[in-house]
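Below, each chain spelled out in residue letters.
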Amino acid sequence: MLKKRGSGVLMHISSMPSPYGVGVFDENALHFIDKICDMSFGYWQVLPLNPTDGANSPYCSVSAFAGDYIYINPQGLCDMGLISEDDVKANIYYETPYTADYEFARKARLQTLKKAFLNVGSNLAQEIKEFEISNSWLTDYAVFMAVKELENGRPWWEWSDEHAHYYECIKNIYKYENEAAFWKFVQYIFYLQWGEIKKYANKKGVAIIGDMPIYVAMDSVDVWSNLPMFLIDEKTLKVEKVAGVPPDYFSENGQLWGNPIYNWESMKKDGYTWWLSRLEHTLKIYDTVRIDHFRAFASYWAVPADSKTAKVGEWIDGPKMDFFNAVFEKFGKDAPIIAEDLGVFGEDVVELLEDTGFPGMKVVQFGFDPNSDSSHLPHNAGQNSVNYVGTHDNNTILGWLWEASEEEREFALEYCHFNGSNWGDGGFKSASCRAITEAVWQSASNTAIIAFQDMCGFGSDARMNIPGVPEKNWRFRTTRDTIDNIDAEYFRHINSLYRRTYPVFEK
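This report concerns the structure included in the present document.

Reading the values: rules and limits
Residues numbered from 1 in each chain as written. Predicted model: local features only at pLDDT ≥ 70, side-chain atom pairs only at ≥ 80, totals over all residues. Heavy atoms only, no water. Buried < 20%, exposed > 50% of the residue type's maximum accessible area, 1.4 Å probe, protein only. Helix = DSSP H or I, 4+ residues; strand = E, 2+ residues; numbered from the N terminus. Pairing = 2+ DSSP bridges. Polar contact = N/O pair within 3.5 Å; in protein donor to acceptor, adjacent residues only side chain to side chain. Contact = heavy atoms within 4.5 Å. Axes fitted to C-alpha atoms, helices over the stretch in contact; angles between N-to-C directions.

Structural notes on the pairing of strand 12 (residues 447–451)
Of all the five residues making up strand 12, five are buried; the element is thus mostly covered by neighbouring parts of the structure. Both faces of strand 12 are covered, namely the face carrying T447, I449 and A451 and the face carrying A448 and I450. Direction of pairing for strand 1 (residues 6–10) relative to strand 12: parallel, over a ladder of five bridges. Across the sheet, V9 pairs through a bridge with I450, a residue of strand 12.

Brief notes about the side chain of D211
Turning to its location among the elements, D211 is positioned in strand 3 (residues 207–212). Separated by 2.7 Å, the side chains of D211 and Y59 make a polar contact. A distance of 3.1 Å separates a polar atom in the side chain of D211 from a polar atom in the side chain of R290. Dropping the residues within four chain positions of it, D211 is found in contact with Q45, V46, L47, P48, Y59, Y286, V289, R290, D292 and H392.

Description of the sheet that holds strand 2 (residues 43–45)
Within the open sheet, the eight strands sit side by side as 9-6-3-2-1-12-11-10. Their pairing is parallel. Both outer strands of the open sheet, strand 9 (337–339) and strand 10 (360–363), are each paired with one neighbouring strand and no more. On average, each strand axis in the sheet is tilted by 25° relative to the strand beside it, whichever way the strands run. Of the pairings in the sheet, the one linking strand 2 to strand 3 comprises three bridges and is parallel in character. The residue bridging Q45 from the neighbouring strand is I209, located in strand 3.

So, unusual backbone geometry
Located in the positive-phi region is H293, a residue other than glycine, with phi close to 60°. Tracing the sequence through the fold places H293 in the loop between strand 6 (288–291) and strand 7 (299–304).

Re the sheet that holds strand 4 (residues 241–245)
Spatial ordering of the open sheet is given by 5-4-7-8, a layout of four strands whose pairing is antiparallel. A strand with exactly one partner marks an edge of an open sheet, and here the two such strands are strand 5 (255–260) and strand 8 (314–317). For this sheet the average axis-to-axis angle between neighbouring strands, irrespective of direction, equals 50°. Pairing between strand 7 and strand 8: four bridges, direction antiparallel.

So this is what it looks like as structure tokens:
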């Protein structure tokens with residue numbers, strides 16, 4: 001995997017067509033797999049499947065292990081005999097199919113799942129119990145969610161003393177047994193349905209590339225139940241420094257994420273147990289994992305907790321190869337990991353990437369500086385890399401062309417051998433989008449990835465996320481007609497022409 005020439009499509013579950021407000025694990029996901037398989041793509045990349053935060057970001061979650069119940073297919077619950085067809089209809093969203101409505105989906109899905117839970121029989125209950133036994137993270141997560149409901153949704157450090165301190169709370173776990181049982185059921189259903197989607201993709205010869213945020217949210221079961229693993233005062237429950245990145249391509253003030261920072265010394269003492277469990281879980285639900293913000297394993301940007309921006313901070317050494325030696329001991333040297341090595345970085349990141357042997361990332365938009373020979377230009381890409389037309393954080397290619405300076409745009413179009421006059425034309429056969437895509441496909445990189453929006457030639461209104469801007473992100477959605485109108489013959493052709501038809505799994 002990732003060792004031979006191949007290609008893939010980036011499209012998150014939330015962006016899929018469905019009648020339920022956001023994409024779900026239904027026949028539309030299977031249809032999408034059929035379509036990309038038909039175009040000779042070998043990879044489907046998704047964003048994190050963990051529960052999203054208040055801004056709908058999948059990169060800030062209450063759990064690094066749990067899945068988001070909004071992606072559960074209501075019809076699947078009906079097929080299991082757990083709800084009625086009328087209950088399914090209560091999940092139907094009648095507004096625009098082009099925007100994900102997380103608020104509607106979350107409310108409707110939760111109500112439906114609570115109805116379904118009331119109809120769990122003895123056989124299903126036994127299956128859920130077996131699922132819990134094989135997923136050690138589930139018990140703590142279910143208790144955390146049960147207590148969070150009792151505490152009216154407040155963050156855990158504002159809970160009553162009997163709940164805020166994990167070991168005190170877990171002593172009385174029996175108190176939350178009934179409420180926790182619901183959340184165990186939800187996770188069982190989530191992974192049952194996702195497992196069927198992944199199995200179908202693999203059978204069609206498509207591997208799933210998943211995404212793992214390096215940090216976890218402060219208000220998460222991971223922090224609540226593992227305080228010694230984080231730089232948090234165990235008495236006051238306050239954090240001194242938080243995660244972020246200094247000013248970069250995306251933001252002149254840097255990005256202040258606010259996540260708690262790992263206590264790597266403490267983690268080392270117990271052999272990085274939590275991290276290895278997290279990787280094991282992730283590599284079970286995906287075929288390959290992209291670790292977001294990989295550079296923090298080399299050194300990370302620590303910002304004072306009371307800071308308003310990420311401009312002020314300091315670089316602190318990460319665990320480096322000491323951690324990855326533990327990873328290799330458990331998973332082998334060929335662990336299927338992609339290192340997201342973008343952003344501000346120094347020689348320590350370059351050295352760590354070389355020592356691990358993981359493929360790093362190239363993003364062609366970052367290369368279009370007419371005054372430099374950027375490492376992101378396709379001719380500079382090495383084989384052991386994953387080359388992106390754009391990521392979830394980038395503008396679409398058409399949007400970038402419209403917003404770039406004239407000098408940048410002219411360089412990009414000349415570099416990619418665009419010979420037309422209408423560079424601003426979008427759509428499924430956009431000549432400028434195709435020229436840039438083909439430049440990436442021609443690169444030496446073993447793997448090339450294109451976002452679904454760029455296959456369609458969409459403009460900046462279709463981008464997934466604007467880093468550093470908390471509102472109105474993650475909402476892009478598409479329709480089945482749009483998927484069917486993709487120029488399949490064109491993508492089959494460039495995958496064949498540039499020898500990217502390698503099936504990751506035998507069909």
